[in-house]
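# Observations on chain architecture
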Amino acid sequence: MHARFGLRISRAGVSFKETMTTYKDYPIKFVDVSQYQDDPNTAYFPDLSKIKAAGFQGIGIRVGYGVTIDRAFKRFWQSARGKLDRLPYFYLDYYSYKKLGYTDTQWGEIQARYAWDLLKNDTGEFPLYLDVERSSYGGDINWLNQSSVGRIITAFLTAYDKLSGRQTGIYT
């Protein structure tokens, strides 16, 4: 929940709290992008002015995952500045850290610090959202690993909120 705007943001779109009166009759459209919308082998790059002309007010831009920057993050982030409201999101890596020897809490904190290092000089118009979803690499989040994933999420949110001074959301 984005407290300032009363928005719930998910891959399905943006919905409003039932009690909210501001904007209730006006849909707010966001599109999310990552390296998967920017093929480095072509000259194609999404036309952000066309996205804005189509009625989109904002753009969710993937910052990275684990300790890896999304290869299109900087390009999208800079291109969208001043054109669309930017909402950064960070894909939670809940599966690759055990071979690195970190605890769940350490891995959540490491990812939060990494995301903050990428955003601290330009945090965007919306706070960071943590993208939590099943990974094709790490398998389902289920009863076997949900406690571990929960600890990683909690550590990430707590650390990032402290670093940024803003409330982090969850994007699923």
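The paragraphs below set out a description of the structure included in this document. The residue numbers shown here count from 1 along each chain, following its written sequence. At least 70 in pLDDT is required for a residue's local features to be given in this predicted model, at least 80 for side-chain atom pairs to be given and counted, and no such filter applies to totals for whole chains, interfaces and linings, which use all residues. The side-chain figures draw on all heavy atoms in the structure; neither hydrogens nor water molecules are used.

The way it works is that DSSP assigns letters per residue, a run of H or I at least four long becomes a helix, a run of E at least two long becomes a strand, and they are numbered from the N terminus. Relative to the elements of secondary structure, T154 occurs in helix α4 (residues 146–164). Each residue is assigned to one of three classes by its accessible area relative to the maximum for its type, calculated with a 1.4 Å probe on protein chains only: buried under 20%, partly exposed between the two thresholds, exposed over 50%. With a relative accessible area of 47%, T154 lands in the partly exposed category. Between the C-alpha atoms of T154 and D104, which are 50 residues apart in sequence, the distance is 9.6 Å.

Those residues of helix α2 (residues 73–80) that sit buried are F73, F76, W77 and A80. All buried residues of α2 project into a common sector of 100° when viewed along the axis, lining one side. Those residues of α2 hidden inside the fold are in contact with β3 (29–33), α1 (48–53), β4 (56–65), β5 (68–69), β6 (85–91) and α3 (104–119). Two residues or fewer after α2 comes G82, characterised by a positive phi angle close to 85°. The directions from the helix axis to the C-beta atoms are what the arc is built from. Throughout, a residue-residue contact means that at least one pair of heavy atoms, one from each residue, lies within 4.5 Å.

This part takes up the packing of aromatic side chains. Note on aromatic contacts: the rings of Phe and Tyr and the six-membered ring of Trp form a pair at centre separations within 6.5 Å, being stacked when their planes are under 30 degrees apart, edge-to-face when over 60 apart, and tilted otherwise. Tallying each qualifying case throughout the model produces nine aromatic pairs. Their ring planes at 85° and their centres at 5.3 Å tell us that Y94 and Y95 sit as a pair that is edge-to-face. A residue is classified by how much of its surface remains accessible, and Y95, at 25% relative accessible area, is partly exposed. In this structure an aromatic cluster arises from ring pairing among F90, W116, F156 and Y160. In this scheme, the term charge over a ring applies when either NZ of a lysine or CZ of an arginine sits within 6 Å of the ring centre and within 35 degrees of the ring normal. One cation-aromatic arrangement involves K29 over F56; the distance from NZ or CZ to the ring centre is 5.5 Å. Just above the ring of W77 sits the side chain of R86; from NZ or CZ to the centre is 4.4 Å.

Okay, α3 next. Helical geometry note: an α-helix holds 3.6 residues per turn, so side chains three or four residues apart project in the same direction. With 16 residues, α3 should reach 22 Å at 1.5 Å per residue; the first-to-last C-alpha distance of 23 Å fits that figure. Within α3 the residues assigned to the buried category are D104, W107, G108, I110, Q111, A112, A115, W116 and L119. In this fold, the buried residues of α3 make contact with β4, α2, β6 and α4. Expected helix span is taken as 1.5 Å per residue step, with the number of steps being one fewer than the number of residues.

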